[in-house]
Amino acid sequence: MRAAVLPALNQEMELRDDVEAIGPGPGEVRIRIAASGVCHSDISLQDGTLPHPVPAVPGHEGAGEVIAVGEGVNTVAPGDHVIISWVPACGRCRFCLGGQPNLCNAFLERNMSKPMFTSGGGPLFGYAGTGTFAEETVVASEAAIRIDPDVPYDVASLIGCGVMTGVGAALNTARVRPGSSVVVFGCGGVGVSVIQGARIAGAAEIVAVDLLPEKVELAQRFGSTHGATPQQLAAVQQEITGGAGFDYAFEVIGRPETIRSAYDATRRGGTTVVVGAGRMDAMVAFSAFELFYMEKKLLGCWYGSADVRTDFGRLLRFWRHGKLDLEGMITRRIDLSEVNEAFEACKKGEVIRSVIEFK
Ligand code: NAD
Ligand code: ZN
Ligand code: ZN
């Protein structure tokens, strides 16, 4: 089958047609991928920002049809339509039982050490245990979340990472209160999902911040009430909050400077949420005084603090009733052969989401 392969860090992806997905073994399912979004975290695999074994099939935001199930699988059957999740819940560990299933590590550890594919006789890893830039993939049954068959695959794929992370950051991680003021740094697929989550939560003001004025403009469609480039933010902050700062600030880029800017834009006692995925060695500085005196809550956000067993369905209900715009997030539809160009477009900030359609 066809798949995009990242042979080594900092290299272009190769389109190969001799790739095979291993399995399904007991507890696993084989999925024919129909659509996969391109998330910035795929670029972070390529450039080493996020450590992961290579060679690998990138892609971690996909949806498709179950075509085979391994021994003991009774949650899905061939013919079922599913969204693939890279943060499934095992249902048994202390995090799953303790109400934080997004912190379940049962699958991540296994996926980082076990190849999922072969090509030319050699093993290939699957990014984040999913590897959705391939015509077929095999994942643990917990990672295949069944959806109604009338949900289009392109729309469904986005829920697998960007939308779950962004909307979840607002609803689950921050629990944005109605009437709040919110600022969001970064208006890519994850950032506009945070904006949509804040809108669903009833935020009064939502400020979209991006280096690119076009992105700031585009964000209005998803619910921002104001927009600013980083240089314009101080004036908008003054206008909305009288200079005090926002109730909630979300960083959705993954850089120390913008994490610092998000903290600075948060009011005393407010909440800063770090959604962007930065490098392990990139440090952010805080004064020992401000951390206690300002009483800001600095929260990390892993996969929108999601419980995929219930949250995917919740997001699809928002979408069904016109409260979550998923179609509008797809700025480019591409073939798998165009995936390197899609990475370039994402790096330049030209797209909200590119979606690979498998015919
Ligand atoms: P993206 O590249 O599509 O969007 C990033 C946006 O930030 C672009 O519009 C870009 O113009 C803007 N930007 C870049 N530098 C800026 C700056 N200095 N100031 C203002 N704007 C700036 O990315 P995405 O797919 O939306 O992902 C966003 C981040 O979220 C990435 O770091 C990604 O790895 C991360 N992520 C985290 C999780 C999680 O679980 N926490 C999950 C998915 C993605
Ligand atoms: Zn992602
Ligand atoms: Zn678990």
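Just so it is clear, the structure is predicted and the values come from calculations on it, not from any experiment.

1. Points about the overall build of the protein chain
Scanning the protein chain for helices and strands turns up eleven helices and 19 strands. Radius of gyration (C-alpha) of the protein chain: 20 Å, near the 21 Å computed for a compact globule of 359 residues. With respect to the principal axes defined by its C-alpha atoms, the protein chain has extents near 60 × 40 × 40 Å. Long-range pairs, those at least 24 residues apart, make up 70% of the contacts in the protein chain between residues at least 6 apart in sequence. When the accessible surface of the protein chain is totalled, it reaches about 14900 Å², and 52% of it is carbon and sulfur. Computing the positive centroid from 32 side-chain charges and the negative centroid from 41, the protein chain places the two 6 Å apart.

2. Comments concerning the coordination of the zinc ion (ligand 2)
Surrounding the zinc ion (ligand 2) are the protein donor atoms Cys39 (SG), His60 (NE2) and Cys161 (SG), at 2.0 to 2.3 Å. Site description for the zinc ion (ligand 2): donor spacing in sequence, C-x20-H-x100-C. Of the two residues, cysteine 39 sits in the loop between strand S4 (28–38) and helix H1 (40–46) while histidine 60 sits in the loop between strand S5 (56–57) and strand S6 (62–69), which places them 21 residues apart along the sequence.

3. Considerations on the domain arrangement of the protein chain
Here the protein chain is described as being made up of domain 1 (3–160 + 325–357) and domain 2 (165–303). Taken residue by residue, the interface counts 21 residues in domain 1 and 19 residues in domain 2. Of the roughly 1600 Å² buried where domain 1 meets domain 2, counting both sides, 59% is carbon and sulfur surface. Of all residues in domain 1, the largest losses of buried area upon contact with domain 2 belong to Thr49, Asp325 and Ile352, amounting jointly to 31% of the total for that side. At the boundary of domain 1 with domain 2, the tally comes to one salt bridge. For aspartate 325, the salt bridge is made with arginine 221, and the minimal N-O distance between the two is 2.6 Å. In this assembly, domain 1 and domain 2 are joined by nine residue pairs in polar contact (both at pLDDT 80 or more). Taken together, the residues that form the side of domain 1 that touches domain 2 break down as ten nonpolar, seven polar and four charged.

4. Quick word on the environment of valine 194
Inspection of the secondary structure assignment puts valine 194 in helix H5 (residues 189–200). Taking the relative accessible area as the measure of exposure, valine 194 reaches 0% and is therefore buried. A C-alpha to C-alpha distance of 4.9 Å links valine 194 and valine 167, two positions 27 residues apart in sequence. Excluding its chain neighbours within four sequence positions, the residues that come into contact with valine 194 are Gly166, Val167, Ala169, Ala170, Val184, Phe250 and Val252.

5. What about the pattern of salt bridges?
Within the structure shown, the criterion is met by 22 salt bridges. The closest approach of N and O atoms between aspartate 150 and arginine 320, which form a salt bridge, is 2.9 Å. With a gap of 170 residues between them, aspartate 150 in the loop between strand S11 (144–147) and helix H4 (153–173) and arginine 320 in helix H10 (residues 308–320) connect regions that are remote in the sequence. Since its relative accessible area comes to 37%, arginine 320 is described here as partly exposed.

6. Digging into the nonpolar core
Core analysis: the biggest nonpolar cluster contains 96 residues, and Ile31, Phe133, Val163, Val176, Val182 and Phe250 have the highest contact counts within it. If you tally residues by element for this core, the top one is H4, at eleven residues. If you count residues domain by domain, this core takes at least three from each of domain 1 (3–160 + 325–357) and domain 2 (165–303). Membership of the second largest hydrophobic core comes to twelve residues, among which are Val209, Ala249, Ala262 and Ala265.

7. Regarding the site of ligand 1
What surrounds ligand 1 is a group of 27 residues, the closest being His40, Ser41, Asp210, Cys301 and Tyr303. At a separation of 3.2 Å, a nitrogen atom of ligand 1 approaches a polar backbone atom of leucine 211. At 3.0 Å, a backbone N or O of alanine 277 approaches an oxygen atom of ligand 1. When ligand 1 sits alone it has 870 Å² of accessible area, and the protein chains cover 91% of it. Contributions of two or more residues to the shell around ligand 1 are made by H1, H4 and H5. Formed jointly, the shell around ligand 1 draws a minimum of three residues from each of two domains, domain 1 (3–160 + 325–357) and domain 2 (165–303).

Parameters at a glance
Residues numbered from 1 in each chain as written. Chains lettered and ligands numbered in written order. Predicted model: local features only at pLDDT ≥ 70, side-chain atom pairs only at ≥ 80, totals over all residues. Heavy atoms only, no water. Helix = DSSP H or I, 4+ residues; strand = E, 2+ residues; numbered from the N terminus. Rg over C-alpha atoms; globule rule 2.2 N^0.38 Å. Contact = heavy atoms within 4.5 Å. Areas by Shrake-Rupley, 256 points an atom, 1.4 Å probe, with all protein chains shown as cover. Lys, Arg positive; Asp, Glu negative; His and termini not counted. Charge placed at Lys NZ, Arg CZ, Asp CG, Glu CD. Donors = N, O, S within 2.8 Å, 3.2 Å for Na, K, Ca; no water. Domains from an automatic or database assignment. Buried area = accessible area lost by both parts, 1.4 Å probe. Salt bridge = Lys/Arg side-chain N within 4 Å of Asp/Glu carboxyl O. Polar contact = N/O pair within 3.5 Å; in protein donor to acceptor, adjacent residues only side chain to side chain. Nonpolar A, V, L, I, M, F, W, Y, C, P; charged D, E, K, R; others polar. Buried < 20%, exposed > 50% of the residue type's maximum accessible area, 1.4 Å probe, protein only. Core = buried A, V, L, I, M, F, W, Y, C linked by side-chain atoms within 4.5 Å. Near = heavy atom within 4 Å.

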